[in-house]
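What the coordinates show
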Amino acid sequence: MKNFEVIVIGAGHAGIEAGLACARVGIKTLMLTLDINSIGRMSCNPAIGGVGKGQLVKDLDALGGAMGVAADACAIQFRILNSSRGAAVQSSRAQIDMRKYSRYMHKRLLHQKNLTIKEAEAQKLIVQDGKVLGVITDKGTLQAGCVIICPGTFLDGLIHVGLEHFSGGRINERASVGLADNLKELGFNLLRFKTGTCPRLDKNTISYLKLIRQDGDLIPRPFSFSTKSWKRKQVPCYITYTNKKTHEIIRNNLNRSPLYSGIITATGVRYCPSIEDKIVKFADKERHQIFLEPEGARVDDIYLNGVSTSLPEDVQLEILHSIAGLEKAKVMRFGYGIEHVVVEPTQLYPTLETKIIKNLYLAGQINGTTGYEEAAAQGLVAGINAALRIKNKEPFILDRASSYIGVLIDDLTTKGTQEPYRMFTSRVEYRLIIREDNADLRLAKMGFDLGLVSRHDYQRTEKKIKGIQEGLSFLKKARVKPTKSVNAKLAQLNCAPLKRVVSLEELLKRPQISIPDLKMIHKLKPGIPESSWQQVAIEIKYAGFIQRQFKDVERFKHLEKIRLPLDFDYSCLSGMSREIREKLAKFKPLNLGQASRISGVTPVAISLLMVYLRKGQCTKPY
Ligand SMILES: Cc1cc2nc3c(=O)[nH]c(=O)nc-3n(C[C@H](O)[C@H](O)[C@H](O)COP(=O)(O)OP(=O)(O)OC[C@H]3O[C@@H](n4cnc5c(N)ncnc54)[C@H](O)[C@@H]3O)c2cc1C
């Protein structure tokens, strides 16, 4: 029997971050995968980031995660989504060379000290007295202090193509059935979710003249705060649309769809519906947009984003050939649907440790999420906490006011999810202060203290912070006189002329004026990094909103700071309904804030709890 401090089951996006987070802080870690050649495989779209997801990657990067750096190394196109809107909702997205990404991650893991990778199937957990002690695999038994399970869509996966279905974790990869059965035996509540993927086409068989070309941003903005610049040639994507004929073909074949013939009963991704779903649910829409995304710079495969389908192959062909530009397209891989098991995530603490088995952590798709970024974010948090547990240190919990990762994990563990969960900016209450651009300011210190952010990278953040302070104080003090030349420049910017002397800060508050405009009007203090000026501009322009949000955060933190002991006896509380008491006992919230977000727990119940806490004894905090 071999001994490790942490075993990570799975080498997908969650497993990679979990394994690296442990090994990098000196924990002897083993990663198990069903297929050594599929490390970091992108099962679906060849892209990282997007609305809400880009923020997750930036948070991850600021904390010392690997996804942002890897995305920069393997990107073939960068775009900022919502670039015409405010900083709070702008999100980065990159097209990725997905084979290169997998190779990059494989190499990254192979070179990591303290990390061993093994091809084996975890089939059962060794559990004694409510504590995990190791894993039984098809190749032997392994002991560990902590276990992190990140099996993605593989848990009892069932693949659907038309009315045919067969067991599988992804196409051409076997499912993980033993582990799913074992989790059930151990007492976890399991749900069944579904997702699907789109067909891939041969790029040489597409008529590009009929398509709309979509280029990357002129100035690409990389994901990682540590990537200085990104100068490679970008690869374009293309856009086309479905039409009446496409919709007719789909409608005529719904009886051959596993979704509409009742074969798939699991809950699917509402925000990323299959093409069958789109045609049925949005019957009045005349066309649906389709993005043609290359899977790499030097490969022939084009991913057809927007045509996720599990219809039979002959119907898929008919659909594709009805679309402008795709009339003669050759399919390299057909789309398919997959149903798989997930664990109800309310059975986890915000550290991602399970409530029923100590030292056992779950991360990624297994917790009901969908997406590489959501998986990676959880993997990092689970990895950090498993490492802290081995080192006998306080756990690491990110709250809703700290980061998108904090919101993701709080949503999952407090509210749970009845459908595949994906991140959106709209889920984040304090999005004016937790933005992509300031992830390093919010989180790099935590990453540095945890040992995941290097001194060099942390010093860059410190320099940025110093630059912001200097920039703000400079703009407050520097004055501009209402001279002819200043007013002429203001006129060029469609700005009202100055009638009196104003500070540069006042000038920057005007919506038409940016930092580069300010530079044309007045010399700025030298030596301040561009990234600091960007923050200065945001802080000055949105000052009122930001201050108001900080006040909201203070109120939020008040409840968050009041801890609830794990052995709190909720049955003793009088004046509270039995339903609420049972819910609190089941959820085991760690603090009053978390308790207040559990559905059905009323403000009156929270006030009562507060009174009880003041009077009662709170022992054994988590
Ligand atoms: C068909 C399909 C369609 C998808 N569509 C979308 C989409 O539209 N949008 C979106 O955002 N996401 C989509 N996804 C989901 C996305 O791929 C996942 O969310 C993401 O990969 C999850 O990461 P993960 O680390 O949790 O698991 P994965 O990346 O799936 O990795 C799982 C890892 O666990 C290993 N493993 C599993 N069981 C065992 C075991 N018992 N022992 C050892 N190793 C094991 C596997 O070998 C693999 O390395 C789709 C996935 C599939 C398969």
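What counts, and where the lines are drawn
Residues numbered from 1 in each chain as written. Predicted model: local features only at pLDDT ≥ 70, side-chain atom pairs only at ≥ 80, totals over all residues. Helix = DSSP H or I, 4+ residues; strand = E, 2+ residues; numbered from the N terminus. Rg over C-alpha atoms; globule rule 2.2 N^0.38 Å. Buried ≥ 20, exposed ≤ 12 C-beta atoms within 10 Å, placed from the backbone. Contact = placed C-beta atoms within 7 Å. Near = placed C-beta within 6 Å. Nonpolar A, V, L, I, M, F, W, Y, C, P; charged D, E, K, R; others polar. Pairing = 2+ DSSP bridges. Axes fitted to C-alpha atoms, helices over the stretch in contact; angles between N-to-C directions. Domains from an automatic or database assignment. Core = buried A, V, L, I, M, F, W, Y, C linked by C-beta atoms within 7 Å. Left-handed = near helix turned anticlockwise from the far one by under 90°.

Overview of the overall build of the chain
The helix and strand tally for the chain stands at 20 helices and 22 strands. Taken over the C-alpha trace, the chain has a radius of gyration of 26 Å; the compact-globule value for 622 residues is 25 Å, and the two agree within 12%. The principal-axis extents of the C-alpha atoms in the chain amount to approximately 80 × 75 × 50 Å. Residue burial in the chain is summarised as follows: out of 622 residues, 48% are buried. Contacts in the chain between residues far apart in sequence, at least 24 positions, make up 73% of those at least 6 positions apart.

A word on the environment of Ile338
Assignment of secondary structure puts Ile338 in strand E19 (residues 336-343). On the basis of neighbour counts, which here come to 27 C-beta atoms within 10 Å, the residue Ile338 falls in the buried class. For Ile338 and Asp156, which are 182 residues apart along the polypeptide, the C-alpha to C-alpha distance reads 10 Å. Not counting residues within four places of it along the chain, the set of residues in contact with Ile338 comprises Thr153, Gly157, Leu158, Ile159, Lys194, Thr195 and Gly196.

So, the site of the ligand
Taken together, 37 residues lie around the ligand, and Gly10, Gly12, Gly152, Gly364 and Gly371 are the ones closest in. If you list the elements that add at least two residues to the shell around the ligand, you get helix H1 (13-24), strand E2 (29-33), strand E12 (190-197) and helix H9 (372-390). When its residues are assigned to classes, the shell around the ligand shows 15 nonpolar, 19 polar and three charged.

Some details on the pairing of strand E10 (residues 158-161)
Consecutive side chains of a regular strand alternate in pointing toward one face of the sheet and then the other. One ladder, built from three bridges, connects E10 with E19; its direction is antiparallel. Pairing of Leu158 across the sheet is with Glu339, part of E19. Direction of pairing for E10 relative to strand E11 (residues 164-167): antiparallel, over a ladder of four bridges. Within E11, the residue paired with His160 across the bridge is His165. A loop of two residues connects E10 with E11, the two strands running antiparallel in sequence, and Gly162 in this loop sits at a positive phi of about 60 degrees.

Observations concerning the sheet that holds strand E3 (residues 47-49)
The strand order E3-E5-E4 describes an open sheet built from three strands, whose pairing is antiparallel. Every interior strand has two partners, whereas the edge strands, E3 and strand E4 (75-81), have only one. Each neighbouring strand pair of the sheet contributes to a mean axis angle of 20 degrees, computed without reference to strand direction. Two strands pair when backbone bridges link them, and E3 and strand E5 (residues 91-96) are joined in this way by three bridges, in the antiparallel orientation. Along E5, the bridge assignment pairs Ala47 with Gln95. Helix-sheet contacts for helix H2 (residues 53-63) involve E3 and E5, and the interaxial angle to E5 is about 90 degrees.

Quick look at the sheet that holds strand E16 (residues 289-294)
Ordered in space as E14-E15-E16-E17-E13-E18, the six strands form an open sheet in which the pairing is antiparallel. At either end of the open sheet lies a strand with only one pairing partner, and these are strand E14 (212-214) and strand E18 (331-333). Within this sheet the neighbouring strands show an average axis-to-axis angle of 35 degrees, counted without direction. The pairing of strand E15 (residues 237-241) with E16 spans four bridges and is antiparallel. Counterpart to Tyr241 in the pairing with E16 is Gln289.

Examining the domain arrangement of the chain
Here the chain is described as being made up of domain 1 (2-196 + 340-450), domain 2 (200-335), domain 3 (472-547) and domain 4 (562-615). Between the C-alpha centres of domain 1 and domain 4 there is a distance of 30 Å. In this assembly, six residues from domain 1 lie in contact with seven residues from domain 4. In terms of residue class, the side of domain 1 that touches domain 4 is made up of two nonpolar, two polar and two charged.

A word on the environment of Leu380
Secondary-structure assignment places Leu380 in helix H9. On the basis of neighbour count, Leu380 is assigned to the buried category, with 32 C-beta atoms found within 10 Å. Measuring from C-alpha to C-alpha, the distance between Leu380 and Tyr336 comes to 29 Å, with 44 residues separating the pair along the chain. With residues near it in sequence (within four places) discarded, Leu380 still touches Glu17, Ala21, Leu60, Leu63 and Gly65.

Focus on the nonpolar core
Side chains of a nonpolar character, in soluble globular proteins, are inclined to be buried together. Formed by 125 residues in total, the largest nonpolar core has its most connected members in Val6, Ile7, Ile9, Ala71, Ile96, Val147 and Ile148. Broken down by element, the residue count for this core peaks at twelve residues, all from H9. Split by domain, this core shows at least three residues from each of two domains, domain 1 (2-196 + 340-450) and domain 4 (562-615). In this view, Ile148 contacts Val6, Val8, Ile9, Ala18, Tyr361, Ala363, Ala382, Gly383 and Ala386; residues no more than four positions away in its chain are not counted.

Focus: the packing of helix H11 (residues 439-450) against helix H12 (residues 455-477)
Where H11 contacts H12, the axes come no closer than 10 Å and their chain directions differ by 145 degrees. Crossing of H11 over H12 shows left-handed handedness. Between H11 and H12, the residues in contact are Asp440, Leu441, Ala444 and Phe448 and Tyr458, Thr461, Lys464 and Ile465, respectively. The class makeup of the residues in the contact of H11 with H12 is five nonpolar, one polar and two charged.

Observations regarding unusual backbone geometry
Phi angles above zero are rare outside glycine, and Asn359 is one such case at about 65 degrees. By the secondary structure assignment, Asn359 is in the loop between E19 and strand E20 (360-362). Here Lys588, not a glycine, exhibits a phi torsion of approximately 50 degrees, which is positive. As for its placement among the helices and strands, Lys588 is situated in the loop between helix H18 (578-587) and helix H19 (592-597). For Lys588, a count of 19 C-beta atoms within 10 Å puts it in the partly exposed group.

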